[in-house]
Amino acid sequence: SKPSTHLLTGSKKRVKIHPHTVTAKYATQPGDDGYDDAPSFEDFGSFLEETSDKKKLMESRRWPLTDGGGKAAKGPGKGVGEQLASFGEASVSASRLTWVLLLCAALAHGCLIVLTRLASEQFHFAPLFLLTVRSVVQLLSVAVPLLRGENPFGPEGYRLRLFCYGVAYSLSLCCAYSSLTFVSAGNATTTWRLATTALSAVLAFLLLEERLGLSDVITIAAGLCGLGLLLLPTTDEGNSDAPTNPVTFWKGAFGWSLSALAGLWMALALVGYRSLKDRVGIGTALFTVSWTSCLLAPSTLAFLQDGWAWPVSVPAWAIMAGLVSCSAAAFLGMTHALTRLHPALVSASQSVEVPVAMLLHLAVLPVAPTAPEVVGNAMVVLSVGWLVATKLLLSRGGGLRQREEYEEILDSPIK
């Protein structure tokens, strides 16, 4: 039979229909011949949108075109239609779950910022000590891969990449927590998130060749502008005529540099896990980050000589428990989202942590925010809200169009 070609989102489609199976290949380069198995409806929809949610076409091995009675169907009959509808509903549900978990992770990050600040100011805990405690407790996550019969250090052939991911993530946390000693928690968090989002978009393109759509770029840029407004100096800082102490200046510059460096390491970690998402589970990733942080955090703590201070009261222990819980919840939500979304989208959605932390801080210590803070936080919330709304609406509205395109493949003529 002669294969038929069709231009679909800039690629060449080749289809060959056998009595019981459909095979298809999408070739983006001239001279790329041959056939792969047809993708499932969910994979096909992701391919159409050209997102990073693609799955390998070979995962759908020889999908039989059979109806409910097990007989071969010649086209998109009743059995195929039911499967298409089922795939579409599953894709929409999975997309909703992903974004719900992402927003919950952002809320957990916001609570984590406030708890860290409260522990540092009220109970005089060193930020790196807090990181060490949470890392030690989260070593319990080793039970997840062990119960699933997996190696907690990753599958063979991917352990070095997993180790590099853990080191990058741990270095990001160490830099971020260390910066709290030199700059305010609000400025450190904002700089960290801004750098992570911008650099993850660049690194995902350079290392994974994953691109963002134009609408996503505009939305993320608006959110980054909002974060930039939050970094503007206040009126008191801008109009201060007192000479700046050189030591204070360089300590502040060092803190800002650490925050930006934390963003770079986090962007590398997000892109690194994105490349391992099909091989490494979330529990294994959490254990990797925990044991590498247990090595790096105490070393950094000793280098900066921040000191140790164990909790001696019930409120202090409660804050410690809250820190561990919020950090674990935030990590799980973000890491799950990385299996389906672009790293820059995952990081951009976490920008909501800044407005959440501000609201929680205002609830504890009522202080009127400045105009740039109000505008910046509003831009962040609106950009993330628009991003989530467009993704969920597209996942619902695009189902019919994707189904029609998929059925067009199944109906391709045999010449």
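Computed from a predicted model, the values in this text were never measured in an experiment.

1. Section: the overall build of the protein chain
And step 1. In terms of helices and strands, the protein chain carries 14 helices and 4 strands.
And step 2. Burial status across the protein chain gives 45% buried among its 415 residues.
And step 3. Sequence separation of at least 24 residues holds for 79% of the intrachain contacts in the protein chain that already meet a minimum separation of 6.

2. Comments concerning the packing of aromatic side chains
And step 1. One pass over the structure, following the stated rule, counts 11 aromatic pairs.
And step 2. Judged by centre distance (6.0 Å) and plane angle (65°), the ring pair of Tyr 165 and Tyr 169 falls under edge-to-face. With a gap of 4 residues between them, Tyr 165 and Tyr 169 both fall in helix α5 (residues 159-179), about one helical turn apart. Both residues of the pair, Tyr 165 and Tyr 169, belong to the buried class.
And step 3. Seen in terms of ring centroids, Phe 182 and Phe 254 are 5.1 Å apart; in terms of plane orientation they differ by 85°. Their pairing is edge-to-face. Here Phe 182 is found in the loop between α5 and α6 (185-208), whereas its partner Phe 254 is found in helix α9 (residues 246-276), with 72 residues between them in sequence.
And step 4. Accessibility expressed as a relative area gives 24% for Phe 182, which makes it partly exposed.

3. Considerations on the UniProt feature "transmembrane region" (unreviewed entry) in the protein chain
And step 1. Here, the residues flagged by UniProt with the feature "transmembrane region" (unreviewed entry) are residues 97-119, 125-148, 160-180, 215-233, 253-273, 285-304 and 316-339.
And step 2. Across residues 160-180, helical content stands at 95% and strand content at 0%; the span's end C-alpha atoms are separated by 31 Å.
And step 3. Within residues 316-339, the helical portion is 96% and the strand portion 0%, while the C-alpha atoms at the span's ends are 36 Å from each other.

4. Some words on empty space enclosed by the protein
And step 1. With the rule as written, the count across this model stands at 4 cavities of 30 Å³ or more.
And step 2. As for the largest cavity, its lining consists of 21 residues, and the residues nearest its centre are His 109, Leu 112, Ile 113, Tyr 177 and Trp 192.
And step 3. Contributions of two or more residues to the lining of the largest cavity are made by α2 (78-122), α5, α6 and α11 (314-338).
And step 4. Top contributing element to the lining of the largest cavity by residue count: α2, with 5 residues.
And step 5. A per-class count over the lining of the largest cavity returns 13 nonpolar, 4 polar and 4 charged.
And step 6. In this structure, the second largest cavity spans a volume of roughly 80 Å³.
And step 7. Lining of the second largest cavity is provided by Thr 197, Thr 219, Ile 220, Gly 223, Leu 224, Leu 227, Ala 348, Ser 351, Val 380, Ser 383, Val 384 and Leu 387.
And step 8. Within the residue set of the lining of the second largest cavity, elements represented by two or more residues are α7 (214-230) and α14 (371-410).
And step 9. Considering each element in turn, the lining of the second largest cavity owes the most residues, 5 residues, to α7.

5. Some remarks on the confidence of the model for the protein chain
And step 1. On average, residues of the protein chain carry a pLDDT of 78, and 70% of them reach 70 or more.
And step 2. For the stretch residues 1-78, pLDDT sits under 50, and the model shows 165 contacts to residues farther than four places along the chain or on other chains.

6. Quick look at the packing of helix α3 (residues 127-137) against helix α10 (residues 282-304)
And step 1. At a closest axis distance of 9 Å, the pairing of α3 and α10 adopts a crossing angle of 160°. Relative to α10, α3 is oriented roughly antiparallel. Here α3 runs over α10; the crossing is left-handed. Counted together, Leu 128, Phe 129, Leu 131, Thr 132, Ser 135 and Val 136 of α3 and Ser 290, Ser 293, Cys 294, Ala 297, Pro 298, Thr 300, Leu 301 and Leu 304 of α10 form the full contact between these two elements.
And step 2. Among the residues making up the contact of α3 with α10, the classes are represented as 9 nonpolar, 5 polar and no charged.

7. Structural notes on a nonpolar patch on the surface
And step 1. On the surface, Leu 199, Val 202, Phe 205, Leu 206, Leu 207, Leu 261, Leu 264 and Leu 268 cluster together into a nonpolar patch covering about 650 Å² of accessible area.
And step 2. Those elements that provide at least two residues to the nonpolar patch are α6 and α9.
And step 3. At 5 residues, α6 tops the list of elements feeding residues into the nonpolar patch.
And step 4. Inspection of the secondary structure assignment puts Leu 268 in helix α9.

8. A word on the environment of Leu 130
And step 1. Within the secondary structure, Leu 130 is located in helix α3.
And step 2. For Leu 130, a relative accessible area of 3% gives the class buried.
And step 3. Distance from Leu 130 to Tyr 177, taken between C-alpha atoms, is 8.7 Å for residues 47 residues apart in sequence.
And step 4. Apart from the residues within four sequence positions on either side, Leu 130 is in contact with Thr 116, Ala 119, Ser 120, Phe 125, Met 320 and Leu 323.

9. With respect to the side chain of Thr 196
And step 1. Relative to the helices and strands, Thr 196 is located in helix α6.
And step 2. Judged by relative accessible area, which is 0%, Thr 196 ranks as buried.
And step 3. Setting aside residues no more than four positions away along its own chain, Thr 196 makes contact with Gly 263, Met 266, Ala 267, Leu 270 and Ser 347.

10. What to know about the nonpolar core
And step 1. One finds Tyr 165 and Tyr 169 to be the most contacted residues of the largest nonpolar core, which totals 63 residues.
And step 2. Per-element accounting of this core gives the leading share, 10 residues, to α11.
And step 3. Each residue touching Tyr 169, except ones within four places of it in the same chain, is listed here: Met 266, Ala 269, Val 289 and Phe 331.

11. Some thoughts on the environment of Glu 373
And step 1. In this fold, Glu 373 is placed in helix α14.
And step 2. The partly exposed category is assigned to Glu 373, whose relative accessible area is 27%.
And step 3. C-alpha of Glu 373 to C-alpha of Leu 232: the two residues are 141 residues apart in sequence and 8.6 Å apart in space.
And step 4. A distance of 3.1 Å separates a polar atom in the side chain of Glu 373 from the backbone nitrogen of Thr 370.

Parameters at a glance
- Residues numbered from 1 in each chain as written.
- Predicted model: local features only at pLDDT ≥ 70, side-chain atom pairs only at ≥ 80, totals over all residues.
- Heavy atoms only, no water.
- Helix = DSSP H or I, 4+ residues; strand = E, 2+ residues; numbered from the N terminus.
- Buried < 20%, exposed > 50% of the residue type's maximum accessible area, 1.4 Å probe, protein only.
- Contact = heavy atoms within 4.5 Å.
- Phe/Tyr/Trp six-rings, centres within 6.5 Å; stacked < 30°, edge-to-face > 60°.
- UniProt positions renumbered as here; feature names shortened; annotations may be inferred.
- 1 Å grid on protein atoms, 1.4 Å probe; cavity = no way out; pocket = protein on both sides within 12 Å on 5 of 7 lines; lining within 4 Å.
- Points joined across faces, edges and corners; volume = space filled by probe spheres on them.
- Nonpolar A, V, L, I, M, F, W, Y, C, P; charged D, E, K, R; others polar.
- pLDDT = per-residue confidence, 0-100.
- Axes fitted to C-alpha atoms, helices over the stretch in contact; angles between N-to-C directions.
- Parallel < 35°, antiparallel > 145°, perpendicular 65-115°, else oblique.
- Left-handed = near helix turned anticlockwise from the far one by under 90°.
- Patch = residues over 30% accessible without salt bridge, like charges linked within 9 Å, V, L, I, M, F, W, Y side chains within 5 Å.
- Areas by Shrake-Rupley, 256 points an atom, 1.4 Å probe, with all protein chains shown as cover.
- Salt bridge = Lys/Arg side-chain N within 4 Å of Asp/Glu carboxyl O.
- Core = buried A, V, L, I, M, F, W, Y, C linked by side-chain atoms within 4.5 Å.
- Polar contact = N/O pair within 3.5 Å; in protein donor to acceptor, adjacent residues only side chain to side chain.

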